[in-house]
Amino acid sequence: MKVNANNYQPNAYPALQSRVQNKSDSVAFTIDNSGIVAEDASKDIWTELGNKYDVHNATFDELCEISNKLYSAGQISLGDHAIMTFDWKRAADDLRKDHPDTVADLNIVPADSEGHRDWIAEFDARAKRAFSQGNDVGYIHNQKLVDILRQISREKS
């Protein structure tokens, strides 16, 4: 393979190789379609989550359940799942062990006394903060999570 490193999108050229084809090759290259999720099934997960959870008033544990279900259904990436389930409050608690002046919660939107928070507003605030700091990647990731949560709550962007 030849890779051109002068470009953000490297060009890959496979090396040419001649190979003798065997009868066993046809068995090795079968395609199993049983694992493909139907489009209707993917719509069902969004409807199910929208009926079960209120992303404008959910706990962090409920957000983790939403993320786990979406990731298991193949609707979000592992990166989206990781960002959505990172516990900023627990991170603040851990930081306070060595740095007592650390705030009690690193989330931007405050939770109520029972731990419910508007997660769309939270990820939107994170996106705006990232944008104001020039963090384009953080902005894009957080805005994507806003869109995912809006899809669950069936809101328009």
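Residues numbered from 1 in each chain as written. Predicted model: local features only at pLDDT ≥ 70, side-chain atom pairs only at ≥ 80, totals over all residues. Heavy atoms only, no water.

**Some points on the packing of helix H6 (residues 119-132) against helix H7 (residues 136-153)**
- Two elements in contact, H6 and H7, have axes separated by 8 Å at closest approach and are oriented at 160°. If you check the angle between H6 and H7, you find them roughly antiparallel. Of the two possible hands of crossing, H6 and H7 adopt the one that is left-handed. Contacts between H6 and H7 involve Trp119, Ile120, Phe123, Asp124, Arg126, Ala127, Ala130 and Phe131 from the first element and Gly138, Tyr139, Asn142, Gln143, Leu145, Val146, Leu149, Arg150 and Ser153 from the second.
- Within the contact of H6 with H7, the residues separate by chemical class into 10 nonpolar, 4 polar and 3 charged. (Axes fitted to C-alpha atoms, helices over the stretch in contact; angles between N-to-C directions. Helix = DSSP H or I, 4+ residues; strand = E, 2+ residues; numbered from the N terminus. Parallel < 35°, antiparallel > 145°, perpendicular 65-115°, else oblique. Left-handed = near helix turned anticlockwise from the far one by under 90°. Contact = heavy atoms within 4.5 Å. Nonpolar A, V, L, I, M, F, W, Y, C, P; charged D, E, K, R; others polar.)

**Observations regarding the nonpolar core**
- One finds Leu70, Phe123, Leu149 and Ile152 to be the most contacted residues of the largest nonpolar core, which totals 21 residues.
- Of all elements in the fold, only helix H2 (39-52), helix H3 (60-72), H6 and H7 reach the threshold of two or more residues within this core.
- Excluding anything up to four places from it in sequence, Ile152 contacts Trp46, Leu49, Gly50, Val55, Ile66 and Leu70. (Core = buried A, V, L, I, M, F, W, Y, C linked by side-chain atoms within 4.5 Å. Buried < 20%, exposed > 50% of the residue type's maximum accessible area, 1.4 Å probe, protein only.)

**Looking at the environment of Lys89**
- By secondary structure assignment, the location of Lys89 is in helix H5 (residues 88-98).
- You can call Lys89 partly exposed: its relative accessible area is 39%.
- Between the C-alpha atoms of Lys89 and Leu106, which are 17 residues apart in sequence, the distance is 5.8 Å.
- Residue contacts for Lys89: discarding those within four places in its chain leaves Ala104, Asp105 and Asn107.

**Concerning the layout of surface pockets**
- A volume near 150 Å³ is recorded for the largest pocket.
- Every residue lining the largest pocket is listed: Ile83, Phe86, Trp88, Arg126, Arg129, Ala130, Gln133, Asn135, Gly138 and Asn142.
- Only H6 and H7 provide two or more residues apiece to the lining of the largest pocket.
- If one sorts the elements of the lining of the largest pocket by residue count, H6 sits on top with 3 residues.
- Grouping the amino acids of the lining of the largest pocket by side-chain chemistry returns 4 nonpolar, 4 polar and 2 charged. (1 Å grid on protein atoms, 1.4 Å probe; cavity = no way out; pocket = protein on both sides within 12 Å on 5 of 7 lines; lining within 4 Å. Points joined across faces, edges and corners; volume = space filled by probe spheres on them.)

**Things to note about the confidence of the model for the chain**
- The predicted model of the chain averages 81 in pLDDT, with 71% of residues at 70 or higher.
- Between residues 7-11, whose pLDDT stays under 50, and residues either more than four places distant or in other chains, the model counts 5 contacts. (pLDDT = per-residue confidence, 0-100.)

**Concerning the pattern of salt bridges**
- Enumeration according to the criterion identifies 5 salt bridges in this entry.
- Of the charged contacts, one joins Asp93 and Lys89 as a salt bridge, the two residues approaching to 3.8 Å between their closest N and O atoms. Of this pair, Asp93 and Lys89 both sit in helix H5, 4 residues apart, roughly one helical turn.
- Given a relative accessible area of 31%, Asp93 falls into the partly exposed group.
- Between Lys128 and Asp124 there is a salt bridge whose closest N-O contact spans 3.2 Å. (Salt bridge = Lys/Arg side-chain N within 4 Å of Asp/Glu carboxyl O.)

**Quick look at the side chain of Asn107**
- Its place among the elements puts Asn107 in the loop between H5 and H6.
- Residue classification places Asn107 among the buried positions, given a relative accessible area of 11%.
- Discounting chain neighbours no more than four positions away, the residues touching Asn107 are Trp88, Lys89, Arg117, Trp119, Glu122 and Arg126.

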